Amino acid sequence: MFENKTEQEARNLILEQVVEYCDTYHNTKDYQKGDSIPYASRVYDHEEMVNLVDSALEFWLTAGRYTDQFEQGFAKYLGVRYCSLVNSGSSANLVAFMALTSPLLKERAIRPGDEVITVAAGFPTTVAPIIQYGAIPVFVDVTIPQYNLDVHQLEAALSDKTKAVMAAHTLGNPFDLQAVKNFCEKHNLWLIEDNCDALGSKYTLNGEECFTGTIGDIGTSSFYPPHHMTMGEGGAVYTDNPLLNKIIKSFRDWGRDCSCPSGKDNLCGHRFDKQYGDLPLGYDHKYVYSHFGYNLKATDMQAAIGVAQLKKFPSFIEKRRHNFDRLKAGLQELDNKIILPEAAPNSKPSWFGFLITCKEGIERNHMVQDIENQGIQTRMLFAGNLIKHPCFNEMRRTGEGYRIVGELNNTDRIMKDTFWVGVYPGMNDAMIDQMVEAIRGVLE
């Protein structure tokens, strides 16, 4: 097949066959009424598969040219200076938090025993890095029907140990960034935006519309298959701060001091002529470690998929908004039985899901089971109340390791009464209408 062909000609022939294969065997089933409806799924075509195979044929495997292309394209899309690709959204949150513990930040560095304001009504990996480092999460309640942190509790949560706020934009709905940003600036606190469920959401701050994740000091994203765009696995950490960017890349790349990318040496020209710590003069800079870091890089094959997904991403956002609006319009007259979600003021969400909270007299578990029995996937608002989970057993027993501000009444209500259904861009109007019909049927 490859006789008398150059390598590039042979590669082109393979990629042409990949296009044909994908178009023949993938995305070939049309939705029929009564089919099961997942809460989320991958949306892709032959472009992603061609990039994936192209990267595989190159066989660089670790971060390479596709990684560089994705990081630059993603940063440009969001309007930030720096982006670091990592292997998951959880790793993105880990790297973002650990960056704030760096000694390079001097008196602003987070140290064990310092406090970080967050919420318990969310996904555990927003909180896990705080606890694992030995800092203290301070939990405030959330609001309904926005499902984001209650900014009226921020001042009550503040102490002389507070160093940061780390919170997620819930299912695409931005939290009150104006209030949180003002609070952080007033008290000289770091702000990490967990943007894993809100990529593409916008918020108007001081008259300027910005993407969520770009307003705080650091933003994070996830590219797990159910998310706004996918690489299979993968995540990103982004910032406008050059020092934070340097620290982020260090923690992602084993904690090393050298910033040379994989496969490249001595870009600074001083690999063997400097003094670091108590090491011998001229010790190889590629093996000097300024942080206790990890290897959290993604592969170039993942990045190759992301490059194709990023081209489609604006259309994904618009479809999510369309699906959300159609679903809400179809359920509007049921607001005497369920609480429908509302966008935060000054925001334009890129919705990840459609949250529903049952009112008095409506049993969430019965409702969910009836809907699931009709083939419609549902999900809880992740942990509901993270403090109630087994991972907190020892801390609850000792009463140490975290702090609660006031009562988490809405958090507990979400744990008991709330669930959500999907609005991912692979859904069409018939699927949305089937969900409306199922939910209406259960309630009526």
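In this text, all values refer to a predicted model and were calculated from it rather than measured experimentally.

1. Structural notes on the packing of helix H3 (residues 65-78) against helix H9 (residues 300-331)
Argument step 1. In the contact formed by H3 and H9, the axes pass within 7 Å of each other and the chain directions differ by 25°. By the criterion of interaxial angle, the relationship of H3 to H9 is roughly parallel. The handedness of the crossing between H3 and H9 is left-handed. Side by side, H3 and H9 meet where Arg-65, Tyr-66, Thr-67, Gln-69, Phe-70, Gly-73, Phe-74 and Tyr-77 of the first sit next to Asp-300, Ala-303, Ala-304, Gly-306, Val-307, Leu-310, Phe-313, Pro-314 and Ile-317 of the second.
Argument step 2. Residue composition of the contact of H3 with H9, by class: 11 nonpolar, four polar and two charged.

2. Structural notes on the packing of helix H2 (residues 46-58) against H9
Argument step 1. Packing of H2 against H9 leaves a shortest axis separation of 8 Å and a crossing angle of 155°. It follows from the interaxial angle that H2 and H9 lie roughly antiparallel. Crossing of H2 against H9: the hand is right-handed. Across the interface between the two elements, Glu-47, Glu-48, Asn-51, Leu-52, Ser-55, Ala-56 and Glu-58 from H2 touch Asp-300, Met-301, Ala-304, Ile-305, Val-307, Ala-308, Gln-309, Lys-311 and Lys-312 from H9.
Argument step 2. The class makeup of the residues in the contact of H2 with H9 is seven nonpolar, three polar and six charged.

3. Some thoughts on the sheet that holds strand S11 (residues 347-348)
Argument step 1. With antiparallel pairing, the three strands of this open sheet are ordered in space as S7-S6-S11. The strands lining the two open edges of the sheet, one partner per strand, are strand S7 (208-211) and S11.
Argument step 2. Examined bridge by bridge, strand S6 (residues 202-205) and S11 share two bridges and lie antiparallel to one another. Looking across to S11, one finds that Tyr-203 is bridged to Ser-347.

4. Section: the pattern of salt bridges
Argument step 1. Under the defined criterion, the tally for this structure stands at 25 salt bridges.
Argument step 2. Between Asp-253 and Arg-252 there is a salt bridge; the shortest N-O distance is 2.7 Å.
Argument step 3. The exposure class assigned to Asp-253 is buried, which follows from its relative accessible area of 10%.
Argument step 4. Relative accessible area serves as the criterion here: at 8%, Arg-252 is assigned to the buried category.

5. Let's talk about the environment of Ser-41
Argument step 1. The topology assignment puts Ser-41 in the loop between helix H1 (7-25) and H2.
Argument step 2. The class for Ser-41 is partly exposed, based on a relative accessible area of 32%.
Argument step 3. A sequence separation of 187 residues divides Ser-41 from His-228, and the C-alpha atoms of the two residues are 9.7 Å apart.

6. Focus on the sheet that holds strand S3 (residues 136-140)
Argument step 1. Taken in spatial order, the eight strands of this open sheet run S1-S9-S8-S5-S4-S2-S3-S13, and their pairing is mixed. The open sheet has two edge strands, strand S1 (82-86) and strand S13 (403-404), and neither has a second partner.
Argument step 2. Of the pairings in the sheet, the one linking strand S5 (residues 190-194) to strand S8 (residues 218-222) comprises three bridges and is parallel in character. Its bridge partner being in S8, Glu-193 is matched across the sheet by Gly-219.
Argument step 3. In the packing of H3 onto the sheet, the strands contacted are S1, S8 and strand S9 (235-239), and the crossing angle to S1 comes to about 130°.

7. What to know about a nonpolar patch on the surface
Argument step 1. Side chains of Trp-254, Leu-279, Tyr-283, Tyr-287 and Tyr-289 sit close together on the surface and give an oily, nonpolar patch of about 510 Å² of accessible area.
Argument step 2. Structurally, Tyr-283 is set in the loop between helix H8 (242-252) and H9.
Argument step 3. For Tyr-283, a relative accessible area of 37% corresponds to the partly exposed category.

8. Concerning the nonpolar core
Within soluble globular proteins, side chains that are nonpolar tend to cluster in buried spots.
Argument step 1. In this structure, Ile-117, Leu-149, Val-165 and Val-180 are the most contacted members of the largest nonpolar core, which totals 34 residues.
Argument step 2. Sorting the residues of this core by element identifies strand S2 (115-119), S3, helix H6 (154-157), strand S4 (162-168), helix H7 (177-187) and S6 as the ones contributing at least two each.
Argument step 3. Here the element with the most residues in this core is H7; it accounts for four residues.
Argument step 4. For Ile-117, the contacting residues outside a window of four places in its chain are Val-138, Val-140, Leu-154, Ala-157, Leu-158, Thr-162, Ala-164, Val-165, Met-166 and Phe-183.
Argument step 5. Counting residues in hydrophobic clusters, the runner-up holds 28 residues, among them Tyr-31, Val-421, Met-427 and Val-436.

9. Remarks on the environment of Leu-408
Argument step 1. If you trace the backbone, Leu-408 turns up in the loop between S13 and helix H12 (409-417).
Argument step 2. Residue classification places Leu-408 among the buried positions, given a relative accessible area of 6%.
Argument step 3. For Leu-408, the contacting residues outside a window of four places in its chain are Ala-120, Phe-139, Val-140, Asp-141, Asn-385 and Ile-387.

10. Points about the pairing of S9
Argument step 1. In terms of burial, S9 is largely enclosed, as five of its five residues are buried.
Argument step 2. Alternating residues of S9 divide into Gly-235, Val-237 and Thr-239 and Ala-236 and Tyr-238, and every residue in both groups is buried.
Argument step 3. Note: S1 against S9, five bridges, orientation antiparallel. The residue of S9 that forms the bridge with Ser-84 is Val-237.
Argument step 4. Pairing of S8 with S9, which is carried by four bridges, proceeds in the antiparallel orientation.

Quick notes on the rules
- Residues numbered from 1 in each chain as written.
- Predicted model: local features only at pLDDT ≥ 70, side-chain atom pairs only at ≥ 80, totals over all residues.
- Heavy atoms only, no water.
- Axes fitted to C-alpha atoms, helices over the stretch in contact; angles between N-to-C directions.
- Helix = DSSP H or I, 4+ residues; strand = E, 2+ residues; numbered from the N terminus.
- Parallel < 35°, antiparallel > 145°, perpendicular 65-115°, else oblique.
- Left-handed = near helix turned anticlockwise from the far one by under 90°.
- Contact = heavy atoms within 4.5 Å.
- Nonpolar A, V, L, I, M, F, W, Y, C, P; charged D, E, K, R; others polar.
- Pairing = 2+ DSSP bridges.
- Salt bridge = Lys/Arg side-chain N within 4 Å of Asp/Glu carboxyl O.
- Buried < 20%, exposed > 50% of the residue type's maximum accessible area, 1.4 Å probe, protein only.
- Patch = residues over 30% accessible without salt bridge, like charges linked within 9 Å, V, L, I, M, F, W, Y side chains within 5 Å.
- Areas by Shrake-Rupley, 256 points an atom, 1.4 Å probe, with all protein chains shown as cover.
- Core = buried A, V, L, I, M, F, W, Y, C linked by side-chain atoms within 4.5 Å.

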